[in-house]
Amino acid sequence: MGSGNLSTQSIGFVIHNVDTDNTSCGIEILFRGENRQNLIDCYSKIADTIEGFTQIKKDHFYKTYSNDIWSSLDDFFLIQYPKIIEIITNYGVSNELIIEEEDFTKSLNKILQKRNVLKTETNFHENVDITMKQSELNQIFFGPPGTGKTYHTINEAIKIVDPVFYANNAHNREKLKERFKLLAIKSADENQGQIGFTTFHQSFSYEDFVEGIKPVQPEEKDTYLKYEIQEGIFKKICRLAQDSLDAAEANQMSTFKLSEAEFDQTQFYKMSLGNTQVQEDKEIFDYCLANNCISIGFGDGYDLSGLDEKALRDFGNDKGMDRFPIQALNIFKNYLKIGNYVLISNGNYYVRAIGKVVGDYEYVQDSPFQNNPTYNHFRKVEWIYKEKDIPANEIYHKTLSQQTIYKLIKDEVDKSFFVKNEVKDEFALPKNPKNFVLIADEINRGNVSSIFGELITLIEKDKRAGCDEELSVILPYSKEEFKVPHNVFIIGTMNTADRSIEALDTALRRRFSFRQMLPNPELIATEGELAEYDGFIDDIDVKLVLQTINKRIEKLIDKDHLIGHSYFLGIRTIEDLKITFRDKVIPLLEEYFFSDYGKIGLVLGDAFVVKLEDNEIEFASFKGYDDYFIDDLQTKSLYHIRPSEEWDFSSIYA
């Protein structure tokens, strides 16, 4: 995508000001020389979706706005921009079409700077590419404590997984936090959410991150301890990301759709075709797919033809059948109607086929299944989907149960999966293919080489699944092939006061981009509780207090050990300021300077640190210690922090 002069491939808001009396603007789509069909389709979809485009050439579209540039620009960002972002996201081409935030900001600022001088300029032509920054796949926010690293991960994560929502609510912190909570993966047992969060620490391991052998909660009749291979947070994120890609592909491959009326009139059932964990049951699923049917194995081989609900129940009771087989057979034979749909499950989390019932109950005396001779009951179906497993939560908003057959709750069925022209809700969750984010807080506190293991290579951009240099590994416990999908993003945070970037594992540094987060005292006056007072408490300039402290720390140590602005955003009174210094600032300085109060005095001054005049002390008699060092210790100066009642904050910068 281009900025400044027109490029061969760009989507942008263009302003022309050939002379002061002839100002014009518009949206331009240009993809000259592009031969990738998915990108061409995406460009064309944008032109079709936004009304008013004129096709200049086959690869050039232009929409003319009014001469009022700034109202046009507002319309572009508030109305058209979110639509374009959504289309780019739905086509899965964000990596190709979205530019870096720095480039975007520079172009936008150039435009905005023209607002006051536009009428006096005579030669202005600027193309502002749309789209916010396309985030790096692997990035680390690093900086001193209190600079907003974890805070910014929320913004960045929402920007990645739900760019349309972020574009509309970028300045509404409360909505962003609510969205973050909604999209967070809240449980190890559920397949909902797009944002995972973990904190690295000294005990965090490959087994926690990728996969490991873990003990299973014992059941009442167990006589021995059982173990199973369990996926870690990173493997789970990758699985969900691949599921999303598969679901998007499945949706594109399926030409089937229902009308609103058809959806409202039908019912949906979940059904199992054999046990997916038992190899002998595979024949059931394969046969049913090949012969356009579904089958159930209860009933002890009896023919149930002609039996209505009550008659079947009485028949089952007479034959000594249990309650559940009778119920399952009644659902299969009498409740399941022609025109209803069955979702064939693969475990509790996936659907492997969807069929429309087109025939009544049939009894087959000689079961076609060698390993399952009691499967005598059949219904004809038309398979509308049978290509790949689809995550069940893409179709049904509750976890599937192991029950062989049951009716689904209609309100929990995802209408948009079946009704393709479903009107989109602004607050609905993103559609496939989705992006997924793993936030690794305090990434430098863990042993990165041990935690990532062989996957450190797979997270590289060109080594991801589907890329030119795609790589895979065989995992050591499950023996499964594993790839990292291209829609998985990793955001790490790193406190530079704990460890500098230079001390990080070289392999990690090479595969991550780094975004520095430095203290920003100006936020105290613009975003904090003191914003209405311009950062002042009485005559104390709090932002200047922080600026001065940090300048001195950087001189005495380095910029990795500064004090962050976030410690000061919540203060309103002088008492709040004293508490912040007592509980946050001074303890950090003690840590930075290894309790050398003399150096702390060089940072805060006489109003905070006092040198003890009478510091002579008589040591115990100990002949084993060198007298030379004893004399040196006797002359050592001692310092104390003054009582908070004596602190004078203005003196720090006076």
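Just so it is clear, the model here is predicted, and its values are computed rather than measured.

Further remarks concern the packing of aromatic side chains. This model, assessed by the stated rule, comprises 30 aromatic pairs. Plain terms: the ring middles of F200 and F204 are 5.1 Å apart, the flat faces sit at 25° to each other, and that makes the pair stacked. With respect to class, F200 is no different from F204; both count as buried. Through pairs of rings, three or more aromatic residues link up here, namely F200, F204, F209, F234, F452 and F482. Just above the ring of Y151 sits the side chain of R173; from NZ or CZ to the centre is 3.5 Å. One Lys or Arg, K410, reaches over the ring of F263 and ends 5.0 Å from the middle of that ring.

Right, let's get into a nonpolar patch on the surface. Together, I617, F619, F622, Y625, Y628, F629 and L633 make up an exposed nonpolar region whose accessible area comes to about 770 Å². Inspection of the secondary structure puts F629 in helix α22 (residues 627-634). Take F629: its relative accessible area is 43%, and that puts it in the partly exposed class.

Phi is positive for D300, close to 55°, though the residue is something other than glycine. For D300, the position within the fold is in the loop between β11 (293-296) and α12 (309-318). For F594, which is not a glycine, the phi torsion comes out positive at approximately 55°. Relative to the elements of secondary structure, F594 occurs in the loop between α20 (574-592) and α21 (597-604).

Across all of its chains, the model carries 24 salt bridges by this definition. Between K177 and E174 there is a salt bridge, with the nearest N and O atoms lying 3.3 Å from each other. Of this pair, K177 and E174 both sit in helix α7 (residues 173-183), three residues apart, which is roughly one turn of that helix. We classify K177 as partly exposed; its relative accessible area is 32%. Across the pair K483 and E470 runs a salt bridge whose closest N-O atoms are separated by 2.7 Å. You can see K483 sitting in the loop between β20 (481-482) and β21 (488-495) and its partner E470 sitting in the loop between α16 (455-458) and β19 (473-474), a full 13 residues away along the chain. Judged by relative accessible area, K483 falls into the partly exposed class, the value being 32%. By relative accessible area, which is 33% here, E470 ends up partly exposed. Residues joined by salt bridges that share partners form a network here, namely E460, D462, K463 and R511.

Cut-off values and rules
- Residues numbered from 1 in each chain as written.
- Predicted model: local features only at pLDDT ≥ 70, side-chain atom pairs only at ≥ 80, totals over all residues.
- Heavy atoms only, no water.
- Phe/Tyr/Trp six-rings, centres within 6.5 Å; stacked < 30°, edge-to-face > 60°.
- Buried < 20%, exposed > 50% of the residue type's maximum accessible area, 1.4 Å probe, protein only.
- Lys NZ or Arg CZ within 6 Å of the ring centre and 35° of its normal.
- Patch = residues over 30% accessible without salt bridge, like charges linked within 9 Å, V, L, I, M, F, W, Y side chains within 5 Å.
- Areas by Shrake-Rupley, 256 points an atom, 1.4 Å probe, with all protein chains shown as cover.
- Salt bridge = Lys/Arg side-chain N within 4 Å of Asp/Glu carboxyl O.
- Helix = DSSP H or I, 4+ residues; strand = E, 2+ residues; numbered from the N terminus.

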